Amino acid sequence: MAKRTVGVALGSGGAKGFAHVGVLKALDEHHIPVDVVAGSSMGSLIGAFYSTGMRTNFMERLACSMKWRYWVDLTVPRVGLIQGEKIRQMVHMLTRGLNIEQADKPLAIVATELMSKSLVVFRTGLIADAVRASISIPGVFVPFVTPEGIFVDGGVLERVPVSAAKSLGADVVIGVDVGYPQRNSVPETMLDVVMQSIDIMQETVYTQRGGDDADVLLRPDLAQIGTSHFQKAAQAIALGYEAALAAMPEIQQKVQTSTDSDCTDPAHSELS
């Protein structure tokens, strides 16, 4: 009996994206085999760590202890507030300088290319560069510029990268939507204003691109966590974990091995 290929599609959402760690933790604990990983924006960061072998308990400790000064490099505002080189270097170190094609699990990272107004799926090249492109929230991060284009946040065009997960061969996709519009908290920072505005604009694009095409779509209740609330990482992780546990019966049912109709009949095989 053939085994289904299981993929996760981890969506954008700033600090809310720490919920991805809780989801992955629950999947690991329940022995759900994640074969391929696709990430958008914050989901690309968590997905990059996971696909290169980082354990979820280490991710949790890292998220809860990471100080702003380690990854924020403010610059004179022109096309963004944060230069982004510090976080690129941090990702480069934590992913061991690997290319995407060298990851332990097949990995796809999505970003938006400004000049062509198109979605780009990174399947090769440095993981750190692809993540830096994908997390470049417009107006917050300086866009990531390469000879191939000018890249900003993947969530601008694909909040939950379900299609990217399927392009990696996933038969079953578990989508995690942390940017789903809930009752927004009062914005406290520029990042909150920008991200809540992007969330509103994303809704039409998200529907058109088939974000709901995931076989299982998780939407943790993150209404009390703002996009810039990085100090609430532990709470976001716990909420992601709870959402995955609540959906675990459905997840387990979806990822069961294929039915006989998906496989070659043994008797027929012997006669052929």
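Above: the structure in question.
Residues numbered from 1 in each chain as written. Predicted model: local features only at pLDDT ≥ 70, side-chain atom pairs only at ≥ 80, totals over all residues. Heavy atoms only, no water.

Our next topic: the environment of K86. Topologically, K86 is positioned in helix α5 (residues 85–94). When the C-alpha atoms of K86 and L74 are compared, they prove to be 9.9 Å apart, with 12 residues separating the residues in sequence. (Helix = DSSP H or I, 4+ residues; strand = E, 2+ residues; numbered from the N terminus.)

Counting 69 residues, the largest nonpolar core has F18, L27 and I251 as the members making the most contacts within it. Those residues in contact with F18, other than ones at most four positions away along the chain, are M42, A63, F230, A233, A236 and I237. Among the nonpolar cores identified, the runner-up in size contains 13 residues, and A38, V160, A165 and V173 belong to it. (Core = buried A, V, L, I, M, F, W, Y, C linked by side-chain atoms within 4.5 Å. Buried < 20%, exposed > 50% of the residue type's maximum accessible area, 1.4 Å probe, protein only. Contact = heavy atoms within 4.5 Å.)

As a further point, take the pattern of salt bridges. For the structure shown, the criterion picks out five salt bridges. For D177, the salt bridge identified is with R159, shortest N-O distance 3.0 Å. Placement of D177 in the loop between β7 (172–176) and α8 (190–208) and of R159 in the loop between β6 (149–152) and α7 (162–167) is noted, with a sequence separation of 18 residues between them. As far as burial versus exposure is concerned, D177 and R159 are alike and both buried. For R219, the salt bridge is made with D177, and the minimal N-O distance between the two is 3.2 Å. Separated by 42 residues along the polypeptide, R219 in the loop between β8 (216–218) and α9 (233–246) and D177 in the loop between β7 and α8 bring together distant segments of the chain. Using a relative accessible area of 32% as the deciding quantity, one classes R219 as partly exposed. Shared partners join several salt bridges into a network, and the residues in it are E85, R88 and D129. (Salt bridge = Lys/Arg side-chain N within 4 Å of Asp/Glu carboxyl O.)

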